[in-house]
Amino acid sequence: MDAVWECQAVPQPSEPAGTGSATTAGAAHRLAPGAARQHTVRDHNLGLVLGKVVDAPTPVSRADIAAATGLTRSTVSSLVEVLVAADLVAEVGPERRAGGGAGRPGIGLVASRRRVAGLGLELNVDYVAACVLDLAGEVRHRTVVPRDLRGTSPARAVAGLARMAVSAVDAAEAEGLTVAGAAVALPGLVHAPDGMLRLAPNLGWRDVDVLGLLSREPSLEAMAVRGALVVDNEANLAALGELDDARGRAEVEGSRYTFLYVSGEIGVGAGIVIDGSIFRGGHGWGGEIGHLPVDPDGPPCRCGSRGCLEQYAGREAVLRAAELSSLPELVEAATDGRERVLGALTDAGRALGIAVASVVNVVDVSTVVLGGLYAELAEWLVPAVEAEIGGRVLAQAWAPVTIRVCSLGGDAAILGAAGSVVRSVVQQPAYLLRA
Ligand SMILES: [Zn+2]
């Protein structure tokens with residue numbers, strides 16, 4: 001998913017060129033070649049303008065967009081007119097410009113919250129979740145249901161997620177929103193092109209056709225048919241959630257943000273983001289940090305190997321070492337300074353640090369973001385993680401690793417999933433306008 005703000009404006013041809021060809025799917029292929037080219041360029045520029053509105057932290061003017069894109073004022077005005085008519089962009093103001101100088105106050109443009117939304121879904125080892133995000137990035141609906149799915153058949157578990165998805169779509173439609181699509185976060189090796197969950201060790205699932213099972217629900221089937229229902233690894237989508245959040249914080253430029261997102265739940269996963277894009281590896285199966293060996297002779301892992309990180313820093317391993325049964329108990333006992341619990345967290349942090357340092361040495365990232373369980377336990381984990389990184393990362397003296405705590409909590413994956421749908425609408429609003 002390339003960042004829209006990296007796109008360049010394409011001058012709109014004033015007349016059909018006669019030799020152009022359509023490069024996008026949809027209705028364009030039915031037009032004469034020249035008109036098709038004009039259509040394609042206009043579609044591209046519609047996305048560019050919408051992206052400038054959506055990504056701006058405050059209302060932007062048409063003149064701001066023209067200056068930022070290189071498009072002419074009249075082209076921007078005509079594109080904005082289309083986006084306002086489609087209720088993807090809303091006008092606010094008039095507002096006085098900063099400094100209160102002379103001249104007509106500008107009308108500000110913001111993302112409309114009334115027309116379109118993205119649906120994020122998550123099926124994890126012991127919970128299912130859904131959220132609806134509108135074009136302005138506001139959460140309009142959220143459901144998280146604890147449900148231990150170990151021992152549940154894939155068909156039954158996915159049917160439960162499908163029902164949750166339908167409820168979320170109904171809730172969005174009740175507010176007048178069209179759900180443009182859905183992205184599903186799954187724990188394990190996900191093959192996105194055919195919608196298959198190849199392996200989820202903690203669920204004991206292999207080769208589950210998640211997309212096919214979800215498509216048994218007619219409304220989701222309609223989404224799947226138009227390519228708007230996709231599946232991905234939960235840590236990858238959580239990393240996209242962190243990326244969106246970073247853009248909102250404006251602490252880092254989204255297109256430059258390079259980081260390792262480590263997601264701790266029962267399983268441990270990672271998303272590697274290089275210059276604002278997920279690094280997926282050859283099949284989309286990269287980032288399985290939970291199965292990096294911490295001790296080759298360690299305890300057996302659900303994956304069939306031994307001594308994997310999950311056996312030291314997965315939620316159940318940490319609770320077992322602390323002799324407790326729930327995360328709230330763990331946090332409370334750690335806050336009270338119980339020695340056994342602090343020791344268990346230090347051991348988990350050490351294992352996590354060993355694995356993280358290995359990844360940092362291989363992929364050269366200078367920011368590590370702790371998410372899920374690790375965000376809640378950061379206070380007790382980070383010292384040991386830092387100590388391991390300090391002793392093991394070769395480049396530490398020149399590019400010291402910063403550890404951040406993800407502020408999205410357990411919602412990072414559903415927010416990233418829903419945000420990825422919203423982002424695809426922003427990149428190609430023309431598809432929605434033709435629907
Ligand atoms: Zn393993």
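Whatever comes next refers back to the structure up there.
Residues numbered from 1 in each chain as written. Predicted model: local features only at pLDDT ≥ 70, side-chain atom pairs only at ≥ 80, totals over all residues. Heavy atoms only, no water.

Draft legend 1. Structural view of the overall build of the protein chain. Across its full length, the protein chain carries 15 helices and 15 strands. Taken across its 435 residues, the protein chain has 50% of its residues classed as buried. For the protein chain, contacts bridging at least 24 residues in sequence account for 62% of all contacts bridging at least 6. Total accessible area on the protein chain is roughly 19300 Å²; 51% of this is exposed by carbon and sulfur atoms. (Helix = DSSP H or I, 4+ residues; strand = E, 2+ residues; numbered from the N terminus. Buried < 20%, exposed > 50% of the residue type's maximum accessible area, 1.4 Å probe, protein only. Contact = heavy atoms within 4.5 Å. Areas by Shrake-Rupley, 256 points an atom, 1.4 Å probe, with all protein chains shown as cover.)

Draft legend 2. Structural detail: the coordination of the zinc ion. Those protein atoms acting as donors to the zinc ion are His291 (ND1), Cys301 (SG), Cys303 (SG) and Cys308 (SG), and they sit at 2.0 to 2.3 Å. Each of the four donor atoms bound to the zinc ion contributes to angles spanning 105 to 120°, and the resulting shape is tetrahedral. Sequence positions of the residues that donate to the zinc ion give the spacing H-x9-C-x1-C-x4-C. A residue pair is termed long-range when its members are at least 10 positions apart, and His291 in the loop between strand E13 (277-279) and helix H8 (310-313) and Cys303 in the loop between E13 and H8 qualify at twelve residues. (Donors = N, O, S within 2.8 Å, 3.2 Å for Na, K, Ca; no water. Tetrahedral: all angles 85-135°; square planar, octahedral: opposite > 155°, others 65-115°.)

Draft legend 3. Representation of the pattern of salt bridges in the model. Counted according to the given criterion, the structure contains 19 salt bridges. Residues Arg198 and Asp194 are paired through a salt bridge, measuring 3.4 Å at the closest nitrogen-oxygen approach. On the accessibility criterion, Arg198 (27% relative accessible area) is partly exposed. With a closest N to O distance of 2.8 Å, Asp207 and Arg198 form a salt bridge. Asp207 sits in the partly exposed class, given a relative accessible area of 42%. Each member of the salt-bridge network shares a partner with another, and the members are Arg113, Asp134, Arg140 and Glu175. (Salt bridge = Lys/Arg side-chain N within 4 Å of Asp/Glu carboxyl O.)

Draft legend 4. Region of the structure containing the packing of aromatic side chains. Per the stated rule, a full pass over the model turns up one aromatic pair. Seen in terms of ring centroids, Tyr257 and Phe259 are 4.2 Å apart; in terms of plane orientation they differ by 35°. Their pairing is tilted. One exposure class covers both Tyr257 and Phe259, and it is buried. (Phe/Tyr/Trp six-rings, centres within 6.5 Å; stacked < 30°, edge-to-face > 60°.)

Draft legend 5. Spatial organisation of the environment of Val368. Tracing the backbone through its elements, the reader meets Val368 in strand E14 (residues 367-372). For the pair formed by Val368 and Ile272, sequence separation is 96 residues and the distance between their alpha carbons is 9.5 Å. Each residue touching Val368, except ones within four places of it in the same chain, is listed here: Leu260, Val262, Val356, Val360, Val401, Thr402, Ile403 and Arg404.

Draft legend 6. Here's a closer look at unusual backbone geometry. Despite not being glycine, Asp87 shows a phi value in the positive range, around 65°. Within the secondary structure, Asp87 is located in the loop between helix H3 (73-85) and strand E1 (89-95). The phi dihedral of Asp275 falls on the positive side, at around 50°, and the residue is not glycine. Counting through the fold element by element, Asp275 comes out in the loop between strand E12 (268-274) and E13.

Draft legend 7. Inspection of helix H4 (residues 154-174) at higher detail. Taking 1.5 Å of rise per residue, 21 residues should cover 30 Å, and H4 covers 30 Å from first to last C-alpha, within 8% of that figure. Every buried residue of H4 is accounted for by Ala157, Val158, Gly160, Leu161, Ala162, Met164, Ala165, Val166, Ala168, Val169 and Ala172. Phi turns positive, to about 85°, at Gly176, one or two residues after H4. (Expected span 1.5 Å × (residues − 1).)

Draft legend 8. Structural view of the nonpolar core. Among the nonpolar cores identified, the biggest contains 54 residues, and Leu50, Leu88, Leu135, Phe259 and Tyr261 are the most heavily contacted of them. If you tally residues by element for this core, the top one is helix H14 (residues 412-427), at ten residues. Grouped together as the second largest cluster of nonpolar side chains are 42 residues, Ala334, Ala351, Ala357 and Val368 included. (Core = buried A, V, L, I, M, F, W, Y, C linked by side-chain atoms within 4.5 Å.)

Draft legend 9. Expanded view of the sheet that holds E14. Pairing is mixed across the open sheet formed by five strands, whose spatial order is E13-E12-E11-E14-E15. Because the sheet does not close on itself, it has two edges, and the strands there are E13 and strand E15 (402-405). Shown here is a sheet whose adjacent strand axes are inclined to one another by a mean of 30°, direction ignored. With three bridges joining them, E12 and E13 adopt antiparallel strand pairing. Note that in E13 the partner of Ile272 across the bridge is Phe279. Running at roughly 125° to strand E11 (residues 259-264), helix H7 (residues 234-249) makes contact with E11, E12, E13, E14 and E15 of the sheet. (Pairing = 2+ DSSP bridges. Axes fitted to C-alpha atoms, helices over the stretch in contact; angles between N-to-C directions.)

Draft legend 10. Spotlight on the sheet that holds strand E10 (residues 229-233). A sheet is described by the order of its strands in space; here five strands give the open sequence E5-E4-E3-E6-E10, paired in mixed fashion. Here the strands that pair on one side only, and so sit at the sheet edges, are strand E5 (139-146) and E10. On average, adjacent strands in this sheet sit at an angle of 15° to one another, irrespective of strand direction. Alignment of strand E6 (residues 178-186) against E10, held across five bridges, turns out to be parallel. Residue pairing in the sheet places Ala182 in a bridge with Leu229 of E10. Those strands touched by H7 are strand E3 (116-123), E6 and E10, and its axis lies near 100° from that of E10.

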